[in-house]
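Structural overview for review
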Amino acid sequence: MTSKPRLGFLGLGWIGTQRMQAVAESGLADILAIADPSPEALQNASRIVPHAKCVQTIYQLLELELDGIVIASPSALHADQSIAALERNIAVFCQKPLGRSLSEVEKIVATAQRADVLLGIDLSYRFTRGIEAIRDSIHAGELGKIYAANLVFHNAYGPDKSWFYHPELSGGGCVIDLGVHLVDLALLLIPSPVTAVSSRLFCKGVPINPVSTGRVEDFAIARLDFASGATAQIACSWNLHAGQDAIIEASFYGDCGGASLRNVNGSFLDFTAELYNSTSRKLLAGHPDSWGPRALLSWVRRLAAGTRFDCEVNSVLRTTAILDSIYQRS
Ligand SMILES: NC(=O)c1ccc[n+]([C@@H]2O[C@H](COP(=O)([O-])OP(=O)(O)OC[C@H]3O[C@@H](n4cnc5c(N)ncnc54)[C@H](O)[C@@H]3O)[C@@H](O)[C@H]2O)c1
């Protein structure tokens, strides 16, 4: 593809509008159309892209001549909407979670592969400068053999939209919402098969089994054991008495050094990454860092370059399998 990709945006709530604005400002694509069943959401988004056609459904969107669609609808819709686009040879960039379970995600990835169409997912924390710097340090051997990791995402507010609290619409609570990023980072930076997963999930302070209760968890702790001998601890929550807006951390410890990404002063956006050696520390990456839309902009650039199915997306299968295990579905 030599010209700018022609894109449609589906789902223009909180994240969909932010991501659309970033693409509009980048000038990397032509935003031909936007779709949302909510007239208010459409009206709000059309202020940013006044020339884009406004429609209500994915089917109206798919009738247009589009190269790709960007999906940011409630999570339960991601699978059917992604498949509907991919089957028409339209590239897809979908918000996380790509699907609610491994079986949904397998169908989406298989459809993209069969159609040989680019599929991307907004696992945005991978694209922070801090995680990129930690990855470089690990690859350069500065941590040695990694044997432990600690990954945390506590959101002291929790989502303000009701659909997040209905498992049939969201696929789950804080694990599928926030833990998905932590599992993704653990698997990205500890390249070894996971041999065991254990977890405890809570709702309002009471241990639950979400499969049998039909409620979503608001606190979870999980442990992943890797074939290499490494162990990762994962904790995430909504509405925790955290003493600040958010606690976000991804720390990795090896026999030669450690490295950690941490949010600054409870921020959801600002991070620092440091490299540790015994009691000394070195700054790897600071803030500000406009990392939020980077996953999407990377997908747009690859689409513009004519990239077809990219097997890099297969990593979502492993991540989703771990999420299923944390939910004790497998
Ligand atoms: N990558 C990230 O870090 C990140 C951050 C926030 C949200 N998300 C994900 O983005 C998605 C949206 O989250 P949000 O907070 O923006 O939610 P939201 O409720 O603010 O927005 C969802 C939008 O989808 C619209 N919608 C409802 N039914 C639809 C349909 N059939 N087709 C198209 N649109 C429809 C709603 O009207 C709404 O405007 C969720 O899957 C969430 O997990 C990802």
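What you see is a predicted model; the values in this text were computed from it and never measured.

**Regarding the site of the ligand**
- Close to the ligand lie 26 residues; Ile15, Asp36, Ser75, Gln95 and Trp163 are nearest.
- At 3.0 Å from an oxygen atom of the ligand is found a main-chain nitrogen or oxygen belonging to tryptophan 14.
- Residue serine 73 places a main-chain N or O atom 3.5 Å away from an oxygen atom belonging to the ligand.
- Taken by itself the ligand offers 860 Å² of open surface, and the protein chains cover 83% of this.
- Elements with a minimum of two residues in the shell around the ligand: helix 1 (14-26) and helix 4 (78-86).
- Looking at the shell around the ligand residue by residue, the classes come out as 12 nonpolar, 10 polar and four charged.
- Composition of the shell around the ligand by domain shows at least three residues from each of domain 1 (6-124 + 293-311) and domain 2 (129-289).

**Brief notes about the side chain of threonine 320**
- Among the structural elements, threonine 320 can be located in helix 11 (residues 315-326).
- Residue classification places threonine 320 among the buried residues on the basis of a relative accessible area of 7%.
- Sequence-distant contacts of threonine 320, defined by excluding residues within four places in its chain, comprise Ser101, Leu102 and Val105.

**Describing the packing of aromatic side chains**
- Counting across every chain of the model gives nine aromatic pairs.
- Summarising the aromatic geometry, the rings of tyrosine 125 and phenylalanine 153 are spaced 5.7 Å apart at their centres and angled 75° between planes, so their arrangement reads as edge-to-face. Here phenylalanine 153 lies in strand 7 (residues 146-155) and tyrosine 125 lies in the loop between strand 6 (119-121) and helix 6 (129-139), a separation of 28 residues in the sequence.
- When its relative accessible area of 4% is taken as the criterion, phenylalanine 153 is described as buried.
- Residues tryptophan 163 and phenylalanine 164 carry aromatic rings whose centres are separated by 3.8 Å and whose planes lie at 25° to one another, so their mutual orientation is stacked.
- Tryptophan 163 gets classed as buried once you look at its relative accessible area, which sits at 19%.
- The rings of Tyr125, Phe153, Phe271 and Trp291 are connected pair by pair, giving a single aromatic cluster.

**Comments concerning the sheet that holds strand 6**
- Spatial strand order, 3-2-1-4-5-6: six strands in an open sheet with parallel pairing. In this open sheet, the two edge strands, each paired with only one partner strand, are strand 3 (53-55) and strand 6. Between one strand and the next, the sheet's axes are offset by a mean angle of 20°, whatever the strand orientation.
- In this sheet, strand 5 (residues 91-94) lies alongside strand 4 (residues 68-71) in parallel orientation, the contact comprising four bridges. Bridge assignment links isoleucine 69 to a residue of strand 5, and that residue is valine 92.
- Contacts between helix 1 and the sheet are confined to strand 1 (6-10) and strand 2 (30-35), with strand 1 contributing the most and set at about 165° to the helix.
- Against the sheet, helix 10 (residues 294-304) makes contact with strand 1, strand 4, strand 5 and strand 6, and its axis sits at roughly 175° relative to strand 5, the strand it touches most.

**What to know about the domain arrangement of the protein chain**
- Domain parsing of the protein chain yields domain 1 (6-124 + 293-311) and domain 2 (129-289).
- The C-alpha centroid of domain 2 is placed 26 Å from the C-alpha centroid of domain 1.
- In this complex, domain 1 contributes 12 residues to the contact, which on the side of domain 2 involves 14 residues.
- Carbon and sulfur atoms supply 54% of the area buried between domain 1 and domain 2, which totals about 980 Å² over both sides.
- Considering only the side of domain 1, the residues that lose the most area to domain 2 are Lys96, Leu123 and Arg294, jointly responsible for 45% of the buried surface there.
- For arginine 294, the salt bridge goes to aspartate 289, with nearest N and O atoms at 2.5 Å.

Criteria and cut-off values
- Residues numbered from 1 in each chain as written.
- Predicted model: local features only at pLDDT ≥ 70, side-chain atom pairs only at ≥ 80, totals over all residues.
- Heavy atoms only, no water.
- Near = heavy atom within 4 Å.
- Polar contact = N/O pair within 3.5 Å; in protein donor to acceptor, adjacent residues only side chain to side chain.
- Areas by Shrake-Rupley, 256 points an atom, 1.4 Å probe, with all protein chains shown as cover.
- Helix = DSSP H or I, 4+ residues; strand = E, 2+ residues; numbered from the N terminus.
- Nonpolar A, V, L, I, M, F, W, Y, C, P; charged D, E, K, R; others polar.
- Domains from an automatic or database assignment.
- Buried < 20%, exposed > 50% of the residue type's maximum accessible area, 1.4 Å probe, protein only.
- Contact = heavy atoms within 4.5 Å.
- Phe/Tyr/Trp six-rings, centres within 6.5 Å; stacked < 30°, edge-to-face > 60°.
- Pairing = 2+ DSSP bridges.
- Axes fitted to C-alpha atoms, helices over the stretch in contact; angles between N-to-C directions.
- Buried area = accessible area lost by both parts, 1.4 Å probe.
- Salt bridge = Lys/Arg side-chain N within 4 Å of Asp/Glu carboxyl O.

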